[in-house]
Amino acid sequence: MECMNAMSLRASSPAKIAAQGFSFQQSLNPVPPKSAFFRLMPQTHMLIHSPFKQLSLPAIKSQQDGSATVSETKTSEGDALKVKEWEVGMFQDEVAASQGIKIRRRPPTGPPLHYVGPFEFRLQNEGNTPRNILEEIVWHKDVEVSQMKEKKPLGMLKKLLDNAPPVRDFIGALKEANSRTGFPGLIAEVKKASPSRGVLREDFDPVQIAKAYEKGGAACLSVLTDEKYFQGGFGNLEAIRRSGVKCPLLCKEFVIDAWQIYYARVNGADAILLIAAVLPDLDIKYMTKICKLLGLTALVEVHDEREMDRVLEIDGIELVGINNRDLGTFKVDIANTKKLLEGERGERIRQKGITVVGESGLFTPADIAYVQEAGVKAVLVGESIVKQNDPSVGIAQLFGKDISS
Ligand SMILES: O=C(O)c1ccccc1NCC(=O)[C@H](O)[C@H](O)COP(=O)(O)O
């Protein structure tokens, strides 16, 4: 059964984007131009005026007799800019922390030096040690994306947009499947491995798995593109897209920079994941706008009430994923979906017309029925079907019946 309705194309042509009230040129340049004195901090999207000015930094010198003296020294302009960037980095972390985001976007500037008389020591487990896997992934992503941007600057990606395949309607495919089968639309995940479960499938052919998912009735696919922690890759996304699979594709990536959205689009994605545990509100707002301009669907993922409440305050969000897996501790509890859809919160979600996806830890028809009863219209499933010899059979087992027709 082909993924139906995926062929209703979303705006990706200039004319259609113009109809949404944006100029196509604007869509390619949603960010202010960079200049020597301005830095656009991708994470905060605030223009940081970094005037070059002399900054005096205290220098601590330990003396022979063990005492320490502080002397004022003049710093170079470069150092002044580094200090300013460091301060901005602090600002980013403060903004994130004020929104309940626990992870830090990049390692602090090294473990603090501690002077005690003539001795100097570094506190263990401070500074540059990630506190959980999500923080480790994001720190790694920060370096990885910087290197990728060097190789393929944004200007180059924008030129490639014209040759990108047309975008397909991700939410439309989920809704069509839901009304056709009476079950939540399935986002089937092409995932070889994960930090919590290790290697899930040794004989991993992403195109074969994608085709089996489509045959089994998946409405959309989620394709892991992170290499280091999930053994995925953008080559998988591109190969699945080129293989003729019709299901709309979610680029399952840890997005920390708007550049990644363009890169996902150029590689054939129809949707992109934005994680509230990683991105402050302003980032989510800005990146959701970029998705709209590129015709992509943004799947905004939450794990707890605070993240859900933050996302409900952001206009323009149409698709929210509730992850039953705590990405910090790996604990999985499908009751999390029910908890976040109850009471006023659930009512508000319905009033806003948001489509909800239940994610992680779904293995049986009872699990599907449970989250469906809680109010989801779609589910995102990886482990329980990717491990099956024939993933299309795995889908029928998961739903308790053949959902492919
Ligand atoms: O799965 C992990 O170990 C993991 C660790 C850190 C960040 C994300 C992680 N998983 C991504 C997902 O949320 C799952 O791949 C997806 O929801 C499917 O879950 P499942 O059906 O339980 O494989």
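Note: the structure precedes this text.
These numbers were taken from a predicted model, which means no experiment stands behind them. (Residues numbered from 1 in each chain as written. Predicted model: local features only at pLDDT ≥ 70, side-chain atom pairs only at ≥ 80, totals over all residues. Heavy atoms only, no water.)

Draft legend 1. Here's a closer look at the overall build of the protein. Helices and strands together make up the secondary structure of the protein, namely 16 helices and 16 strands. Within the protein, the fraction of its 405 residues that count as buried is 50%. Surface summary for the protein: the accessible area is close to 18,700 Å², and the carbon and sulfur share equals 54%. (Helix = DSSP H or I, 4+ residues; strand = E, 2+ residues; numbered from the N terminus. Buried < 20%, exposed > 50% of the residue type's maximum accessible area, 1.4 Å probe, protein only. Areas by Shrake-Rupley, 256 points an atom, 1.4 Å probe, with all protein chains shown as cover.)

Draft legend 2. Broad picture of the packing of aromatic side chains. In the structure shown here, the tally under the stated rule is 4 aromatic pairs. Relative to tyrosine 263, the ring of phenylalanine 234 has its centre 4.7 Å away and its plane inclined at 70°; by these criteria the two rings are edge-to-face. With phenylalanine 234 in helix 8 (residues 234-242) and tyrosine 263 in helix 9 (residues 259-266), this pair connects stretches of sequence that are 29 residues apart. In this structure phenylalanine 234 comes out as buried when scored by relative accessible area, which is 12%. Between tryptophan 259 and tyrosine 263 the ring centres are 4.8 Å apart and the planes differ by 15°, which places this aromatic pair in the stacked class. Pair noted here: tryptophan 259 and tyrosine 263 are both in helix 9, with a separation of 4 residues, about one helical turn. Residues tryptophan 259 and tyrosine 263 agree in their burial class; the two are buried. An aromatic cluster of three or more residues is present, and its members are Phe234, Trp259 and Tyr263. (Phe/Tyr/Trp six-rings, centres within 6.5 Å; stacked < 30°, edge-to-face > 60°.)

Draft legend 3. Quick look at the pattern of salt bridges. Evaluation of the coordinates by the stated rule reveals 23 salt bridges. Between arginine 197 and glutamate 383 there is a salt bridge, with the nearest N and O atoms lying 2.8 Å from each other. You can see arginine 197 sitting in the loop between strand 8 (193-194) and strand 9 (198-199) and its partner glutamate 383 sitting in helix 15 (residues 383-386), a full 186 residues away along the chain. On the accessibility criterion, glutamate 383 (7% relative accessible area) is buried. In this structure, lysine 387 engages glutamate 383 in a salt bridge whose closest nitrogen and oxygen atoms are separated by 3.1 Å. Residue lysine 387 is classed as partly exposed on the basis of its relative accessible area of 40%. Linked by salt bridges that have partners in common, Lys141, Glu144, Asp226 and Glu253 make up one network. (Salt bridge = Lys/Arg side-chain N within 4 Å of Asp/Glu carboxyl O.)

Draft legend 4. Quick look at unusual backbone geometry. Positioned with a positive phi, phenylalanine 330 is a non-glycine residue whose angle comes to about 75°. Take phenylalanine 330: it is sitting in the loop between strand 14 (319-323) and helix 12 (335-340). Given a relative accessible area of 30%, phenylalanine 330 falls into the partly exposed group. Phi angles above zero are rare outside glycine, and serine 360 is one such case at about 80°. Looking at serine 360, the relative accessible area reads 13%, which means it is buried.

Draft legend 5. Expanded view of the pairing of strand 15 (residues 355-359). For strand 15, a buried count of 5 out of 5 residues is recorded, marking the element as mostly surrounded by other parts of the structure. In this structure, strand 14 lies alongside strand 15, joined through 5 bridges in parallel fashion. Looking at the pairing, valine 320 lines up with valine 356 of strand 15. In this sheet, strand 16 (residues 378-381) lies alongside strand 15 in parallel orientation, the contact comprising 3 bridges. Each bridged residue has a counterpart across the sheet, and for glutamate 359 the counterpart in strand 16 is leucine 380. The β-α-β motif built from strand 15, the intervening helix 14 (residues 365-374) and the parallel element strand 16 has right-handed crossover chirality. (Pairing = 2+ DSSP bridges. Right-handed = clockwise from strand over helix to strand, strands pointing away.)

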